[in-house]
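# Examination of the molecular architecture
Residues per chain, in single letters:
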Amino acid sequence: MLDMFAQTRLQWEALCLELGLPLIHAKTIYRALFKEGHTDLATLASLPKILQEKLRDSFAGNGATIAKESLSRYDGTVKFLIRLGDGSLVESVLMPEKQRITLCISRQVGCAQACTFCYTGRMGLKRQMTAGEIVSQVWLARQWIREHPEWLEARSYPSFASVSNIVFMGMGEPLDNVIEVSRALHILSDPWGFHLALRKISVSTAGHRDGLVAILEEFPDLSLALSLHATTERERSQLMPINRRWPIGELLDFLRAHYERTGTDRSLLVQYTVIRGVNDSERQARELVELLRGLPVKLNLIPLNEVEPSRFQSPEPGSLEAFRDLLYEAGIRVMVRYSKGQDIDAACGQLVIKTKAEESESISVV
Ligand code: SF4
C-alpha cells in the first residue's frame, strides 16, 4: 500500500492521467485529505468509481497516531508523543502565540549530530522519517485542534483557527533527511492542501552544508534557522561535532553569497543557546557581531534549558542581559527567547523519548 500522506499533488495528477480522468480529481483528493481531514478517500462521492477503487486497493495512511498529549499549565503549549506505524516514537509541539499557532515537527527518530548540550542528540539516530510521517504530524495536530475547541477558546482564537506556521525544529537535523523534507515542503505548501505559504515554514539546521545547497536550489526563498551556539571554529566543534565537517566560517560565507545572489527578503534566524561560562562572555558577544556581519540576521538568544543530568547550566540573568545589550548596540536585531512548554519537557533541546517511569513523573496527560 502507498502512503496517501506522502503523495504530492503532481503524483495524484499522474494517477488521474493513468486512469484517463480529469486532473481536477487530484485537487479534490488534496482538499478532502488535508483541508477537511477525511482519510476514507475511497468514499468521496465526487470521485469516479474507478478512482475510488484505486484508492481503496492501493492507498492507506502510514499509521501515525497521537499516543499521548501533554498540556503546559503555564503557556498552553501542547506536546504530542506520536507513535509511528512501526512503533517508533517522535514528538511534535504545538505553540500558541499572539497572531499564530506554530507547530514544531520532527523529521528523524532521534538525531545523529550529537550536539553536546542537546538531550535529543543523546538518543543517536534511530531512523529517518518519511515525508508522509512528517506531514502526518501536521494533519494530527490540525485534527487535535478541531477536536479541542476549548483549547482555541481559552486563548481567544476564532473557532476556525488552526496550525498557521511550521518550524522544523523538533527531533533531528532536517537536512540529514533532505529528500523527504523537500517532498514534505511541497505537500505542506500546496494551495489545495494545507496551503501553508513557504514563508510560514522554517527549516532549522545545525549547519549541514550539503543539505543546504540541495534545499536552497529547490526552494531559494525558504526561511532558514541556523543553530550557531558558538563563535569560534574550535569552540563550535567542541559543542557541535557537525562543525568539524562543515566549518561555520565557510557555511556563513555560503549563506552570505546565497542572500546576495537571490536578493530574497527572508531573514536568517540565528539561534544561539546561551550557556553559563561556555559561550556567554563579552569576548564571545564581540565575535558573534563579527561572525554575523553582512547577513540579514534575526538573532534569538535562548537561555539553556537545564536538563538533568548535564554539565551545562543556564546563564546568569545579568550576564545574559549584558550579552544581549552588546549585540543590540552593535546593530543586531536580537531577542531573548524563553522556550515554551518547559514544564512538559517540550522546550528546545528537551525533546527525547523517555522511559515509561520518567514519563509518568514529567508528563501531565490532558
Ligand atoms: S541540537 Fe539539533 S542537530 Fe544538534 S543533536 Fe540536537 S536535534 Fe540534533
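Predicted, not measured: the structure shown is a model, and the values here were computed from it.

## Structural notes on the sheet that holds strand β12 (residues 268–274)
- Taking strand neighbours across the sheet as the criterion, the 10 strands line up as β3-β4-β5-β6-β9-β10-β11-β12-β13-β14 in an open arrangement whose pairing is mixed. Lying at the two open borders of the sheet, with one neighbouring strand each, are β3 (65–71) and β14 (333–336). Neighbour to neighbour, the strand axes of the sheet diverge by 20 degrees on average, direction disregarded.
- Where strand β11 (residues 223–227) meets β12, four bridges bridge the pair, whose relative direction is parallel. Bridging across to β12, Leu 226 finds its partner in Val 270.

## Observations regarding the site of the ligand
- Taken together, the neighbourhood of the ligand is formed by Cys 111, Gln 113, Ala 114, Cys 115, Cys 118, Gly 121, Gly 172 and Ala 206.
- Looking at the shell around the ligand residue by residue, the classes come out as five nonpolar, three polar and no charged.

## Notes on the pattern of salt bridges
- Under the criterion given, the structure shown has 16 salt bridges.
- As a salt-bridge pair, Arg 9 and Asp 190 come within 2.9 Å of each other at their nearest N and O atoms. Here Asp 190 lies in the loop between α6 (178–189) and β10 (201–205) and Arg 9 lies in helix α1 (residues 9–18), a separation of 181 residues in the sequence.
- Across the pair Arg 266 and Asp 265 runs a salt bridge, and its minimum N-O distance is 3.0 Å.
- Taken together, the shared-partner salt bridges in this structure form one network comprising Arg 9, Glu 13 and Asp 190.

## What to know about the environment of Glu 233
- By secondary structure assignment, the location of Glu 233 is in helix α8 (residues 233–239).
- On the accessibility criterion, Glu 233 (33% relative accessible area) is partly exposed.
- Taking the C-alpha atoms as reference, Glu 233 lies 8.2 Å from Arg 244; in sequence the two are 11 residues apart.
- Filtering out sequence-adjacent residues up to four positions away, Glu 233 remains in contact with Asn 243, Pro 247, Ile 248 and Gly 249.
- A polar side-chain atom of Glu 233 sits 2.9 Å from a polar atom in the side chain of Asn 243.

## Concerning the packing of aromatic side chains
- Across all of its chains, the model carries nine aromatic pairs by this definition.
- Aromatic pair Tyr 30 and Phe 34: ring centres 5.0 Å apart, planes at 85 degrees, arrangement edge-to-face. A residue pair is termed a helical-turn pair when its members lie 3 or 4 positions apart in one helix, as Tyr 30 and Phe 34 do in helix α2 (residues 24–35) at four residues. Grouping residues by exposure puts Tyr 30 and Phe 34 together as buried.
- Plain terms: the ring middles of Trp 151 and Tyr 157 are 6.3 Å apart, the flat faces sit at 25 degrees to each other, and that makes the pair stacked.
- Counting every residue linked through ring pairs, the aromatic cluster contains Phe 5, Tyr 30, Phe 34, Trp 139 and Phe 194.

## Details of the packing of α1 against α2
- The contact between α1 and α2 brings their axes to 8 Å, and the two run at 135 degrees. In terms of orientation, α1 lies oblique with respect to α2. Judged by the sense of rotation from one axis to the other, the crossing of α1 with α2 is right-handed. Seen from α1, the contacting residues are Arg 9, Trp 12, Glu 13 and Cys 16; seen from α2, they are His 25, Ala 26, Lys 27, Ile 29 and Tyr 30.
- Taken together, the residues of the contact of α1 with α2 sort by class into five nonpolar, one polar and three charged.

## Let's talk about the side chain of Arg 236
- Residue position: Arg 236 is located in helix α8.
- Of the side chains bearing the opposite charge, Glu 233 lies closest to the buried Arg 236, which forms no salt bridge; the N-O distance is 6.3 Å.
- Within the structure, Arg 236 has its side chain in polar contact with the backbone oxygen of Leu 228 (distance 2.9 Å).
- The contact partners of Arg 236, leaving out residues within four places of it in the chain, are Ala 206, Ser 227, Leu 228, Ala 230, Asn 243 and Ile 248.

Conventions we followed
Residues numbered from 1 in each chain as written. Predicted model: local features only at pLDDT ≥ 70, side-chain atom pairs only at ≥ 80, totals over all residues. Heavy atoms only, no water. Pairing = 2+ DSSP bridges. Helix = DSSP H or I, 4+ residues; strand = E, 2+ residues; numbered from the N terminus. Axes fitted to C-alpha atoms, helices over the stretch in contact; angles between N-to-C directions. Near = heavy atom within 4 Å. Nonpolar A, V, L, I, M, F, W, Y, C, P; charged D, E, K, R; others polar. Salt bridge = Lys/Arg side-chain N within 4 Å of Asp/Glu carboxyl O. Buried < 20%, exposed > 50% of the residue type's maximum accessible area, 1.4 Å probe, protein only. Contact = heavy atoms within 4.5 Å. Polar contact = N/O pair within 3.5 Å; in protein donor to acceptor, adjacent residues only side chain to side chain. Phe/Tyr/Trp six-rings, centres within 6.5 Å; stacked < 30°, edge-to-face > 60°. Parallel < 35°, antiparallel > 145°, perpendicular 65-115°, else oblique. Left-handed = near helix turned anticlockwise from the far one by under 90°. Lys, Arg positive; Asp, Glu negative; His and termini not counted.

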